[in-house]
Amino acid sequence: MKTIVLYYSRSRKTATVAETIANELSTDIQEIKDVRERSGFLNYVNASVDALRESKTKINPEKLDLNDYGLVYIGTPTWAGKPAPAIITMIDQCDFKGKDVILFATMGNQGGKGAIKRMKEKVEARGARTVNSFVLKTNNQELIEIKSNTLKKIEEHDLKIYGI
Ligand SMILES: Cc1cc2nc3c(=O)[nH]c(=O)nc-3n(C[C@H](O)[C@H](O)[C@H](O)COP(=O)(O)O)c2cc1C
């Protein structure tokens, strides 16, 4: 069975983590896009409210077929201590029965663990087994630092042992 990394990213930080994992572990990768405009100050406020309320959004691709995959990584930025709406929406459309899941959340400073906890509850309710998870701080970090911190997480969390 294959491995895939699914992620949402508004400003490429979570994308950098996802791409580093996919390159390092030779997995498939799929970005989940939020069709709603999320840039700009007003959209930042709305995005936080949407995340807090766990409001659904329109995503692209609309549906995912995970049949070929035994291990699924899911990555999100932390928004108001929660997963981004695109990830909540994606999880609620997927069947995770019999799949192992590894969760990760990027965050400016804090709240990533809450985002992981909520994703864990939701994927497990849909049949997944969470086998590992990690959070990564991104405040004041260039993408190159995020990449090197991701490589450290891969080692610390022994991620190479999964999905073989
Ligand atoms: C709407 C919104 C809400 C956020 N809320 C939090 C938060 O509660 N805690 C935190 O540490 N960072 C928060 N952040 C910062 C992001 O989690 C952080 O910059 C993340 O790494 C961005 O990932 P991305 O570039 O993949 O979008 C927030 C960012 C946005 C846009």
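Residues numbered from 1 in each chain as written. Predicted model: local features only at pLDDT ≥ 70, side-chain atom pairs only at ≥ 80, totals over all residues.

Student: Describe the site of the ligand, and please don't skip the residues or the numbers.
Tutor: The environment of the ligand is formed by 22 residues, the closest being S9, K13, T14, P77 and G108. Contributing elements (two or more residues each) for the shell around the ligand: α1 (13-25), α2 (41-53), β5 (69-79) and β7 (100-107). For the shell around the ligand, the per-class residue count stands at 7 nonpolar, 12 polar and 3 charged. (Near = placed C-beta within 6 Å. Helix = DSSP H or I, 4+ residues; strand = E, 2+ residues; numbered from the N terminus. Nonpolar A, V, L, I, M, F, W, Y, C, P; charged D, E, K, R; others polar.)

Student: Which residues make up helix α5 (residues 143-156), and what values go with them?
Tutor: Compared with the 20 Å implied by 1.5 Å per residue over 14 residues, the 20 Å span of α5 between its first and last C-alpha is a close match. Trailing α5 by a residue or two, D158 shows a phi angle of about 55 degrees, which is positive. (Expected span 1.5 Å × (residues − 1).)

Student: Report on unusual backbone geometry, specifying residues and quantitative values.
Tutor: In this chain, N60 is followed by P61 through a cis amide linkage whose omega measures 0 degrees. Tracing the sequence through the fold places P61 in the loop between β4 (59-60) and β5. The phi angle at E54 is positive, at roughly 55 degrees, despite the residue not being glycine. If you trace the backbone, E54 turns up in the loop between α2 and β4. The class of E54 is partly exposed, set by 14 C-beta atoms lying within 10 Å. The phi angle at N140 is positive, at roughly 60 degrees, despite the residue not being glycine. (Buried ≥ 20, exposed ≤ 12 C-beta atoms within 10 Å, placed from the backbone.)

Student: So, the pairing of β7: which residues are in play, and what are the values?
Tutor: For β7, a buried count of 7 out of 8 residues is recorded, marking the element as mostly surrounded by other parts of the structure. Of the pairings in the sheet, the one linking β5 to β7 comprises 7 bridges and is parallel in character. When the sheet's bridge partners are listed, L71 is paired in β7 with D100. When β7 meets strand β8 (residues 129-137), the two strands line up parallel, connected through 8 bridges. Its bridge partner being in β8, I102 is matched across the sheet by N132. In this view, the connection linking β7 to its parallel neighbour β8 by way of helix α4 (residues 112-125) has right-handed handedness. (Pairing = 2+ DSSP bridges. Right-handed = clockwise from strand over helix to strand, strands pointing away.)

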